[in-house]
Amino acid sequence: MIEPLVRHTRPFVVAIGILALSTVPGEGAPAATPGESDAGRLFRERIQPLLRAQCHACHSAASKKLGGGLRLDSREAMLQGGDSGPAVVPGKPDESLILQAIRHQDGLAMPPKKPKLPESTVDDFARWIQAGAPFEGSGSSTTTTLSPLQKAREHWAFRPVVKPDVPEVAGREWINNPIDAFVLAKLESKGWRPAPPAARAEWLRRVTFDVTGLPPTPEELDVFERDRSPMAEERVVDRLLASPHFGERWAQHWLDVVRYAESEGFEYDRHIPDAWRFRDYVIDARNADRPFDRFVVEQLAGDELSPADRQSQAAAIFHRIGPIRRNAGNPDIALSRNEVLTERTDIVGTAFLGLTVGCARCHNHKLEPISQKDYYRLEAYFAATQENDINIATEAQRKTWLAKKSRTEQEIKALTAKLKGATEAERARLTLEIAALEESIPPHPATIPSIRNDPKQRTPMHVLKRGVWENKGEAVGPRPPSVLVPDNLPELPPDVADPRTRLARWLASPSHPLTSRVIVNRLWQHHFGVGIVRTANDFGTHGDRPSHPELLDWLAARLVEEGWRLKPIHRMILLSASYRQSSHPDAQATAAPAVEDPEDRLLWKFRRRRLEAEEVRDAMLSASGRLNPRSGGPSVMVPVDRAIVAALYKPSQWQVARDPGEHDRRSIYLIAKRNLRLPIFEAFDAPALASSCPRRESSTHAPQALELLNGRTANDLASAFADRLRRESNGVPSQTVRRGYLLALGRLPTPREEALALRFLRDGPLEEFALALFNLNGFLYVP
């Protein structure tokens, strides 16, 4: 890439053209020297790392081919310059060609074809030159070999977020906001044009499902179609973002990432009492637009910060929702404890850092700059954590529950003893009686399954050889991963107070290179189907590179500027022309991008998506008119086939809600049990809840059709849908067909579709027509 530039540009400009925008003071730089001047420190901390990282490959003594005769690895070489003369004139910034280039002076504009460098970076160079351009190791080459960790810090995701300038584009009339400028700049560099806008009804269906997880109602469609004002789309977006359904939809995305479940998994799959409070906390946080930095801190350290606050304790349930193996017989308590700490460590790396930290548990990470020592230092933040079930019921409620529970358990014990030696008929009767008694055990009194620090039970933290608990190596204390902090940052004392608060505040720092990038990428992914970085849980050196790196950093910086509030970022995305594009543009007009960019990484059209499992069920409930809008509270268990329940270790765990109306709650309020997923959820790629799910897969296979045609949920709701159509169409077949299409697909039928439907309804049952609508692509896919 450099060589063609050398033929057309001055050599010093080439070097500046590939400079990074910024770096972190002190990270990867040599330690301060006694008597060091301010200018010397400026060079060491900010300028020299840039030169080493971005310029020395082509402009140093170690370069295989020296670009333009210019070296930038010693002061003397910069003073001598290259083919175009000296790059630096000490004490005279205005006469230094290197500064003229990055200032875009005298016809020079570097970096080439990129935005001008931030003024802070330009000022650094100017101040350094004005002070005489002091250079570490003056008179000698500074192309010393960087350590692997120093090289790793050059990775784009480990560098500080610097907000780039919004690019200039030719097609400015297409732009609604800065997002579009970044997208269009990429398209114009290829000579491509974006797709035309989606039809209004398509856009409304898209944005309503994206924001709320529910389809637009016929009434909302009618209002939007009649509103032709320039503010119509803004009114829709603002209404949807203010809807309580917004939190229900977007909480599910976060619950996927943190592998939320209300049971512990493995053989016993024991229920965690009132774990649903964490789900409600996330929903409320999303609806209230709680700043993301606060959201991070509350989950990691809510119990440390506000132990008397129920909301903060509910946030800390974050540490209790991972899978836990409860061994029977004579378990190795220490081994079980290690597994718990491992779960709590791995999810922090995955959810907040977007790094595969867990791969360093048994050995140094094979692909990333994360050592095994880094892993156990991170785990040390959790060494004192212990489960803490906070009972919030009254004393009278607790006594009543305990008395009834004890009485029932005694009756069960007595009946169980009678099973031995009973006849087959007696065993059948006794088994039914035992099952009935188990179902009669009252629910646990109100509880918050939080955690707390217990210094007396703190686990001494060591590097474990091969991850084996018994093979203890070097003792370690709390410290973030080395690649993200200065080399001289010491470990915290093992018994430091409020360790998780310290970890959380480091993660939530505005200067953290990963936290803001990772979360805005998750938002982008759920709006566009794929993130700017496709590997949403892996921002490491072997993860995917961003398709629009400048846009990612611009959004990350904007998030921090907005006080870490996510709704303004949502709003900007939803109102962008990029989001407004059609998913099915003219094939001839998009022939080139369809060949060169078949995955649509540059966003030359919108990406159609299939509804997620919960959306499929919720859309059926909505169309049928049976959706129960009640929010919050204990999770619901719905009727499922007996064979599925019988496969549980303890079938009595599955207690179906007595109120049938509760069965029609939104899917997010159904219990998230690791060992029992509803068939419709399993068919449509709901995650298994055993590990973090950064992005739902969208498979296509025969069981999906079987579930939609023959499944209990689909047929039950198709029957209710048919009843609704009878009530609302006055028995007029044409009205029935049109109402059905509006409710299920968000549009009227085409003349051919209407004719086919009317022909079917002459003899066919309305229930089968309703079921057919649930099986159409127009129902299952968002355009």
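Residues numbered from 1 in each chain as written. Predicted model: local features only at pLDDT ≥ 70, side-chain atom pairs only at ≥ 80, totals over all residues. Heavy atoms only, no water.

K.L.:
Outline the packing of helix 14 (residues 292–305) against helix 20 (residues 499–507), supporting the account with residue identities and numerical values.
P.N.:
Put simply, helix 14 and helix 20 touch, their axes get as near as 8 Å, and they point 155 degrees apart. By the angle between their axes, helix 14 is roughly antiparallel relative to helix 20. Here helix 14 runs over helix 20; the crossing is left-handed. For the pair formed by helix 14 and helix 20, the contact residues are Val296, Val297, Leu300, Ala301, Asp303, Glu304 and Leu305 on the first element and Pro499, Arg500, Thr501, Ala504, Arg505 and Leu507 on the second. (Axes fitted to C-alpha atoms, helices over the stretch in contact; angles between N-to-C directions. Helix = DSSP H or I, 4+ residues; strand = E, 2+ residues; numbered from the N terminus. Parallel < 35°, antiparallel > 145°, perpendicular 65-115°, else oblique. Left-handed = near helix turned anticlockwise from the far one by under 90°. Contact = heavy atoms within 4.5 Å.)

K.L.:
Go over the packing of aromatic side chains, please, and point to the residues and values.
P.N.:
Inspection of the entire model under this criterion finds 21 aromatic pairs. Taken together, a centroid distance of 5.3 Å and an interplanar angle of 20 degrees make the contact between Phe43 and Trp128 stacked. Placement of the pair is Phe43 in helix 3 (residues 38–54) and Trp128 in helix 6 (residues 119–130), with a sequence separation of 85 residues. The class for Trp128 is buried, based on a relative accessible area of 1%. Geometrically, the ring pair formed by Trp254 and Phe292 is edge-to-face, given 6.0 Å between the ring centres and 90 degrees between the ring planes. On the criterion of sequence distance, the pair formed by Trp254 in helix 12 (residues 244–257) and Phe292 in helix 14 is long-range, its members being 38 residues apart. The positively charged end of Lys605 is found above the aromatic ring belonging to Trp604, 5.4 Å away from the centroid. The ring of Tyr781 carries the charged tip of Arg608 above its face, separated from the ring centre by 4.4 Å. (Phe/Tyr/Trp six-rings, centres within 6.5 Å; stacked < 30°, edge-to-face > 60°. Buried < 20%, exposed > 50% of the residue type's maximum accessible area, 1.4 Å probe, protein only. Lys NZ or Arg CZ within 6 Å of the ring centre and 35° of its normal.)

K.L.:
Which residues make up the confidence of the model for the chain, and what values go with them?
P.N.:
Put simply, the chain has an average pLDDT of 89, and 90% of its residues get 70 or more. A low-confidence stretch, residues 1–35 (pLDDT under 50), is modelled with 83 contacts involving residues beyond four sequence positions or located in other chains. Every residue in residues 137–144 scores below 50 in pLDDT, and together they form 21 contacts with partners more than four places removed in sequence or on other chains. (pLDDT = per-residue confidence, 0-100.)

K.L.:
Explain unusual backbone geometry residue by residue, including any values.
P.N.:
Most peptide bonds are trans, and most residues other than glycine sit at a negative phi. Unusually for a residue other than glycine, Phe266 sits at a positive phi of about 60 degrees. By the element assignment, Phe266 lies in the loop between helix 12 and helix 13 (276–287). Classification of Phe266 by relative accessible area gives partly exposed; the value is 37%. Located in the positive-phi region is Arg466, a residue other than glycine, with phi close to 60 degrees. Its place among the elements puts Arg466 in the loop between strand 3 (462–464) and strand 4 (472–475). According to the relative accessible area criterion, Arg466 is exposed, its value standing at 71%.

K.L.:
Go over the environment of Pro455, please, and point to the residues and values.
P.N.:
Locating Pro455 in the fold gives a position in the loop between strand 2 (447–453) and strand 3. Look at Pro455 and you get exposed, because its relative accessible area is 65%. The spatial distance from the C-alpha of Pro455 to the C-alpha of Asn715 is 56 Å, given a sequence separation of 260 residues.

K.L.:
An account of helix 33 (residues 766–774) is needed here, citing residue identities and associated values.
P.N.:
For helix 33, the full list of buried residues reads Leu766, Phe769, Ala770, Leu771, Leu773 and Phe774. Where helix 33 is buried, its residues contact helix 26 (613–624), helix 29 (702–710), helix 30 (712–729), helix 31 (733–745), helix 32 (751–761) and helix 34 (777–780).

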